[in-house]
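So the chains spell out like this:
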Amino acid sequence: MDWSDTLSRIGLALLLIFPIGWEREVGHKTAGLRTHLLVGVGCCLFTLVSLAVASSGDPQPDPGRIAAQVVTGVGFLGGGAILRAGGAIRGLTTAASIWSVAAVGMACGIGYIPGAVAGAVATFITLTILERWERRRMRGIETVGLRIHIRGPEALQRVRESVDGFGVAIEEMRVETRGDLTILVVRGAFSQNAIGLLFRELFHDANVVGVEREAS
């Protein structure tokens, strides 16, 4: 492989990955522009090395040997972008974007240009357009904590299904007992409309003797 081919593949990796890294940079994420570019270029170069080793006269050429180790290494690197703050986990999307740009870099290195372009475009759309759509969808949604007092354990499953049906994302659901009452403790994301409908359904259940709403 000559200089022009090598530089063109690395240059394409830089070109395709730059918008993805810039999006992470302006969003002040744990891994920004430089990290994404370095991961993409590094993966591209490792792939080129794999191809060079396979064509160097090795009696048992395996162009995928180095690339396979790169995939494992990128997984550890992406794990470093994941942070735990209190009960929340942050950085999963950035870790996934690192994984994606690694794949784009490898595709550039092997010369699979359609796959590299399609992968980069799909990643960028996911991080931008889909994020805006997700934010619009989550408007009016709040995290709510509920303590639902139920008379008799036989009604517990029915109440569980009601809560699951109205919740956007249930973070916690556990059962406590207090005398002859079963208390279903729930914390999750609900739309304002859904929480009103859920309360109405619970209050019409003869086995539900009370519902306490906790501060979010």
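Since we're looking at a predicted model, the values are computed, not measured.

(A) Structural detail: the nonpolar core. Counting residues in each nonpolar core, the largest one holds 25 residues, and the members touching the most others are Cys 43, Val 104 and Cys 108. Listed by contribution, the elements that provide at least two residues to this core are α1 (3-26), α2 (33-54), α3 (64-79), α4 (92-110) and α5 (113-127). At 7 residues, the largest contribution of residues to this core is made by α4. If we ignore the near neighbours within four places in the chain, the residues touching Val 104 are Leu 16, Ile 17, Ala 116, Gly 119 and Ala 120. Among the nonpolar cores identified, the runner-up in size contains 17 residues, and Ala 155, Leu 156, Ile 195 and Phe 199 belong to it.

(B) Spotlight on the side chain of Thr 47. Within the element layout of this structure, Thr 47 appears in helix α2. If we skip the residues at most four places from it in the chain, Thr 47 touches Met 106, Gly 109 and Ile 110.

(C) Quick look at the pairing of strand β5 (residues 181-191). Of all 11 residues in β5, 9 are buried; the element is thus mostly enclosed. By the bridge criterion, 11 bridges tie strand β3 (residues 141-151) to β5 in an arrangement that is antiparallel. Bridge pairing in β5 places His 149 opposite Ile 183. In this structure, strand β4 (residues 169-178) lies alongside β5, joined through 9 bridges in antiparallel fashion. Looking at β5, one finds that Arg 178 is bridged to Leu 181. Once β4 ends, the chain turns through 2 residues before running back antiparallel as β5, passing Gly 179 with a positive phi of about 65°.

The rules behind these values
- Residues numbered from 1 in each chain as written.
- Predicted model: local features only at pLDDT ≥ 70, side-chain atom pairs only at ≥ 80, totals over all residues.
- Heavy atoms only, no water.
- Core = buried A, V, L, I, M, F, W, Y, C linked by side-chain atoms within 4.5 Å.
- Buried < 20%, exposed > 50% of the residue type's maximum accessible area, 1.4 Å probe, protein only.
- Helix = DSSP H or I, 4+ residues; strand = E, 2+ residues; numbered from the N terminus.
- Contact = heavy atoms within 4.5 Å.
- Pairing = 2+ DSSP bridges.

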